[in-house]
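One letter stands for each residue in the lines below.
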Amino acid sequence: MAIAAATGTRHPLDELDGDEVRAAAAAAREELLALGGDETSVVRFAAVTLKPPPKAEVKAWLATKGSSGSEQPPPERRAEVIATVLPAGNSYEVEVGGLSGSKGVVASLSKLSDGAQPLLSPDDCALAEEIVRADASVAALLREQYGIGSMDEIVAVRDPVGGIGPPMLEPDGASRRFSSMARARDLCTRAHFVLVVPRALGSDMAIVRAQH
């Protein structure tokens, strides 16, 4: 619920609404593709969240709020966008203002360092499961270690409980390593294994290595 919904004025610390998220995403996508993307490039968003304004600006606005003729306008609402450009796999942090229109205005853009990457998004997880199910090395590991003869016996492939951080980068910098768990239909067999997948997940990607 918006903090200042009753007054009709968005509080500077209200979460972004749907229109603001779309405006921020549109501006970030256009800017990122302009960096050198082509017709095959896709921007995958990990997060579009409110960038809180400076505390001093909020306090100054609150101090004059309700004052006849002297109320300051609220601080500008801005978004912080974390996104990855595929197939290159480079990730960026983008600050976007001007969220009142259909497309925001990019205020700043910076590439994440080579040792950093966003958390896996729901799209990443869904695509990773597709890759896992289609990979012969995973099928062989499950067959040899757990006696699971077919991927049809697997009902879910997920990161294990507690895997809340971003997956680790391999030394080559082009692959990510994270642990996963496959649960069989009998709900008693749980296979734990480590996957090494390309840093830039794509539908044509395959697992680099699977190990028990």
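Source: prediction; values computed, not measured.

About the thresholds
- Residues numbered from 1 in each chain as written.
- Predicted model: local features only at pLDDT ≥ 70, side-chain atom pairs only at ≥ 80, totals over all residues.
- Heavy atoms only, no water.
- Helix = DSSP H or I, 4+ residues; strand = E, 2+ residues; numbered from the N terminus.
- Buried < 20%, exposed > 50% of the residue type's maximum accessible area, 1.4 Å probe, protein only.
- Polar contact = N/O pair within 3.5 Å; in protein donor to acceptor, adjacent residues only side chain to side chain.
- Contact = heavy atoms within 4.5 Å.
- Pairing = 2+ DSSP bridges.
- Axes fitted to C-alpha atoms, helices over the stretch in contact; angles between N-to-C directions.
- Salt bridge = Lys/Arg side-chain N within 4 Å of Asp/Glu carboxyl O.

Relative to the elements of secondary structure, Thr64 occurs in helix α2 (residues 55-64). Under the relative-accessibility criterion, Thr64 is labelled buried at 16%. Within the structure, the side chain of Thr64 is placed 2.9 Å from the backbone nitrogen of Gln72, a separation counted as a polar contact. Residues in contact with Thr64, not counting those within four places in the same chain, are Ser70, Glu71 and Gln72.

So, about the pairing of strand β2 (residues 78-86). Burial within β2 is extensive, with 7 of its 9 residues counted as buried. Pairing of strand β1 (residues 42-51) with β2 involves 9 bridges; the strand directions are antiparallel. Note on β2: the bridge partner recorded for Lys51 is Arg78. Inspection of the sheet shows β2 paired to strand β3 (residues 90-97) by 7 bridges, in the antiparallel sense.

Pairing within the open sheet is antiparallel, and its 4 strands lie in the order β1-β2-β3-β4. The sheet is open, and its two edges are formed by β1 and β4 (105-111), each paired on a single side. Across the sheet, the mean angle from the axis of one strand to that of its neighbour is 25 degrees, orientation sign disregarded. Examined bridge by bridge, β3 and β4 share 6 bridges and lie antiparallel to one another. Residue pairing across strands places Val94 opposite Leu109, the latter belonging to β4.

A separate point is the pattern of salt bridges. Inspection of the entire model under this criterion finds 5 salt bridges. Of the charged contacts in the structure, one is a salt bridge between Lys103 and Glu30, with a shortest N-O distance of 2.8 Å. On the criterion of sequence distance, the pair formed by Lys103 in the loop between β3 and β4 and Glu30 in helix α1 (residues 18-34) is long-range, its members being 73 residues apart. The exposure class assigned to Glu30 is partly exposed, which follows from its relative accessible area of 48%. One network of salt bridges, in which partners are shared, links Glu76, Arg78 and Glu95.

Scope: geometric values only; no functional claims are made or implied.
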